[in-house]
Every structure is written in structure tokens, then in C-alpha cells.
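Okay, here's what each chain looks like letter by letter:
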Amino acid sequence: RIFYSEFATQRLCRLLDDGSGSSQPITPEGDRFRFADGVLSSNGKVMYCVREDHEHPEPKNVVNEVVAVNLVDGSMKILATGNDFYAHPRVASNGKKLAYITWNHPNMPWDSTELRVTSIYSASS
């Protein structure tokens, strides 16, 4: 299975495996959310990714978060929020925890980052 963030719509999509080259949108319509750096759960039902929330589109008001996206119904659960930037969400081999990197402005990731771990067991069921 192939998943991607569609540039034109900013939606998370699944490429259909029927050979048609068509895709199926997963996340809601609209340009409020943007997705990047996704990784699948071990059972393939959830994608963990970085999400930008552009509800208030001025750059200073954009909210970055780590989310769990249900690949069946498109629902989203916030796993980490409150910092300026997030990157590299990765699932532990037991499927119960997620590690990610976070940092805040004005720092760059090579100046000051934190490695954090959060429980995701309920998000992947």
C-alpha cells in the first residue's frame, strides 16, 4: 500500500492497488491541515505523522502537532502539541510507543531538540 500527502489538496491519500493510478482521500476536505513525515502502525490501520493546522493561516498562528490518522475513517487523534516544530515520528517495535523530535523557535533542530516518547497503544487499535 502506498500513502502520500497530495500537494494540490493537502489531503492524506491512499493509492489504489487496482492498477488505475487513482487514489482515495483519507483526511477531510479543505486546506486546513497539511501532513508530512508519516509512518504506519504495525497493523497498518493508523498513520502517525506531523500535521500543520492552518485554521488561523498567519504563519505565527500555524500549529504543528504529531497525530494518529485512522486510515479507515480519516479521524485524527493529537499525540503531541504545544511546541513549534515536530519531526521524525517512529513507532517502537512493540507498537505501543512513538518517539519523535521536537524543538521551539528561534532554535534550529541542530541547536536544541528534545527526543520524546509517548504511548500510542490505544491509537493503533
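Structure shown above.
Residues numbered from 1 in each chain as written. Predicted model: local features only at pLDDT ≥ 70, side-chain atom pairs only at ≥ 80, totals over all residues. Heavy atoms only, no water.

> I would appreciate a short explanation of the overall build of the protein chain in the present structure.
For the protein chain, the count of helices and strands is 0 helices and 10 strands. Helices and strands appear in the protein chain in the N-to-C order β-β-β-β-β-β-β-β-β-β. Its C-alpha radius of gyration of 15 Å places the protein chain within 12% of the 14 Å reference for a compact globule of 125 residues. Its C-alpha atoms give the protein chain principal-axis dimensions of roughly 45 × 40 × 25 Å. For the protein chain, buried positions account for 35% of its 125 residues. As presented, the protein chain carries roughly 7,600 Å² of accessible surface, and 51% of it is formed by carbon and sulfur atoms. In the protein chain, which carries 13 positive and 15 negative side-chain charges, the distance between the mean positions of the two groups comes to 9 Å. (Helix = DSSP H or I, 4+ residues; strand = E, 2+ residues; numbered from the N terminus. Rg over C-alpha atoms; globule rule 2.2 N^0.38 Å. Buried < 20%, exposed > 50% of the residue type's maximum accessible area, 1.4 Å probe, protein only. Areas by Shrake-Rupley, 256 points an atom, 1.4 Å probe, with all protein chains shown as cover. Lys, Arg positive; Asp, Glu negative; His and termini not counted. Charge placed at Lys NZ, Arg CZ, Asp CG, Glu CD.)

> Got a minute to help me understand the pairing of strand β4 (residues 33-40) in this structure?
Both faces of the sheet carry side chains from a regular strand, because those side chains alternate between them. Across 6 bridges, β4 lies against strand β5 (residues 46-53) in antiparallel orientation. In the strand pairing of β5, Val39 is matched with Tyr48. Counting the residues that bridge the hairpin from β4 to β5 gives 5 residues, and of these Gly44 lies at a positive phi of roughly 75 degrees. (Pairing = 2+ DSSP bridges.)

> I tried to follow the environment of Arg1 on my own but got confused; where do I start?
Its location among the elements puts Arg1 in the segment before β1 (2-5). Overall, the relative accessible area of 62% leaves Arg1 in the exposed class. Separated by 89 residues in the primary sequence, Arg1 and Arg90 have C-alpha atoms spaced 18 Å apart. A polar atom in the side chain of Arg1 sits 2.4 Å from the backbone oxygen of Gly44. (Polar contact = N/O pair within 3.5 Å; in protein donor to acceptor, adjacent residues only side chain to side chain.)

> In this structure, what is going on with the side chain of Gln10? I would like to understand it.
Locating Gln10 in the fold gives a position in the loop between β1 and β2 (12-15). Polar side-chain contacts of Gln10 include one of 2.8 Å to the backbone oxygen of Phe7. If we skip the residues at most four places from it in the chain, Gln10 touches Phe33, Arg34 and Phe35. (Contact = heavy atoms within 4.5 Å.)

> Before we go on, may I ask you to explain the sheet that holds β1 in this structure?
Backbone hydrogen bonds hold the strands of a sheet together, and the pairing may be parallel or antiparallel. The sheet built from 3 strands is open, its strands ordered β1-β2-β3 with antiparallel pairing. Sheet topology places β1 and β3 (23-25) at the edges, where each strand pairs with a single neighbour. On average, each strand axis in the sheet is inclined to that of its neighbour by 30 degrees, with strand direction left out of account. By the bridge criterion, 4 bridges tie β1 to β2 in an arrangement that is antiparallel. Bridging from a neighbouring strand, Ile2 pairs with Leu15 of β2. (Axes fitted to C-alpha atoms, helices over the stretch in contact; angles between N-to-C directions.)

> In this structure, what is going on with the nonpolar core? I would like to understand it.
Inside soluble globular proteins, nonpolar side chains tend to come together where they are buried. Grouped together as the largest cluster of nonpolar side chains are 11 residues: Val46, Tyr48, Val50, Val66, Ala68, Leu79, Ala80, Tyr86, Leu98, Tyr100 and Ile120. Elements with a minimum of two residues in this core: β5, β6 (63-70), β7 (76-80) and β9 (97-103). With 3 residues, the top contributor of residues to this core is β5. When neighbours within four sequence positions are excluded, Leu98 is seen to be in contact with Tyr48, Val66, Leu79, Pro89, Arg90, Val91, Arg116, Val117, Thr118 and Ile120. If you look at the next biggest cluster of nonpolar residues, it comprises 10 residues, including Leu12, Cys49, Val67 and Leu71. (Core = buried A, V, L, I, M, F, W, Y, C linked by side-chain atoms within 4.5 Å.)

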